[in-house]
Amino acid sequence: ADSTVGEFDPRNGALLRSRISTGGTDPGWAAFSADSSKLYIANALSDNVGVLDIKAWKITKTISVGIGGGPISITRSPKNDLYVCNTGTRNIVVIDGTTEQVKQVIPRKTVAVVMGFSPDGSRGYLSDLGSASVGFAPGVAVPLISAEFFSFLPLHPSKIVTFDTTSNTVIG
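Residues numbered from 1 in each chain as written. Predicted model: local features only at pLDDT ≥ 70, side-chain atom pairs only at ≥ 80, totals over all residues. Heavy atoms only, no water.

Caption draft 1: Representation of the overall build of the protein within the structure. When helices and strands are tallied, the protein shows one helix and 14 strands. In the protein, buried positions account for 45% of the 172 residues. Taken as a whole, the protein presents about 8400 Å² of accessible surface, with 57% of it coming from carbon and sulfur. (Helix = DSSP H or I, 4+ residues; strand = E, 2+ residues; numbered from the N terminus. Buried < 20%, exposed > 50% of the residue type's maximum accessible area, 1.4 Å probe, protein only. Areas by Shrake-Rupley, 256 points an atom, 1.4 Å probe, with all protein chains shown as cover.)

So, in structure tokens, the structure goes:
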């Protein structure tokens, strides 16, 4: 990855807007704001989320997710919170989608990969590496995740964890 983002025509792949920096290194998944005016980009090797203003076509800020975080994915909930799955620190950082401030850090014993949500936003569904997390030592998971990610999965089943998004506690 070259740590840039561009806008492309989905019909023919033509570049519509020049590629610009994501505000960090090794971008992973991204999520739009509720009004689609911003794109939040998880930058794994920079331990931040870049905030791209779509109209201005520039990164307006970066949001730290903690030293060694290694954010691999970011998902916006129907309640407008952004859930950032950190592979390096084995946690989920919750960012308020309105203030763009970290509001909570949810510790995990396993490597969190991506969150999904019920339509009403009352439940979050986390996909994590389950027992495959043993192959990713905290703090060194990010450099390894790209090279080794899929090789662990056949040997160790992952799991889905259900969260109550009001309290961000595990319920199943």
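Next comes the rest of the write-up.
Caption draft 2: Quick look at the pairing of strand S2 (residues 15–21). Taken together, the four bridges between strand S1 (residues 4–8) and S2 define a ladder with antiparallel strand orientation. Among the inter-strand pairings, Glu 7 is bridged to a residue of S2, identified as Arg 17. Once S1 ends, the chain turns through six residues before running back antiparallel as S2, passing Gly 13 with a positive phi of about 80 degrees. (Pairing = 2+ DSSP bridges.)

Caption draft 3: Molecular detail of the side chain of Thr 110. On the secondary structure map, Thr 110 appears in the loop between strand S10 (102–107) and strand S11 (112–117). For Thr 110, the side chain forms a polar contact with the side chain of Asp 128, separated by 2.6 Å. (Polar contact = N/O pair within 3.5 Å; in protein donor to acceptor, adjacent residues only side chain to side chain.)

Caption draft 4: Spatial organisation of the sheet that holds strand S12 (residues 123–128). The strand order across the open sheet built from four strands is S11-S12-S13-S14, with neighbouring strands paired in antiparallel fashion. Each edge of the open sheet is held by one strand with a lone partner, namely S11 and strand S14 (169–170). Pairing of S11 with S12 involves five bridges; the strand directions are antiparallel. Across the sheet, Gly 116 pairs through a bridge with Tyr 125, a residue of S12.

Caption draft 5: Local environment of unusual backbone geometry. Phi at Asp 26 takes a positive value of approximately 65 degrees, unusual for a residue other than glycine. Within the fold, Asp 26 resides in the loop between S2 and strand S3 (27–32). Positive phi, close to 60 degrees, is recorded for Glu 100, a residue that is not glycine.

Caption draft 6: Structural detail: the environment of Phe 163. As for its position among the elements, Phe 163 is in strand S13 (residues 159–164). A residue is classified by how much of its surface remains accessible, and Phe 163, at 1% relative accessible area, is buried. A C-alpha to C-alpha distance of 4.9 Å links Phe 163 and Gly 124, two positions 39 residues apart in sequence. If near-sequence neighbours (up to four positions away) are discounted, Phe 163 is found in contact with Ile 92, Ile 106, Arg 108, Met 115, Ser 122, Arg 123, Gly 124, Leu 126, Asn 168, Thr 169, Val 170 and Ile 171. (Contact = heavy atoms within 4.5 Å.)

Everything listed here is a matter of geometry and, on its own, says nothing about what the molecule does.
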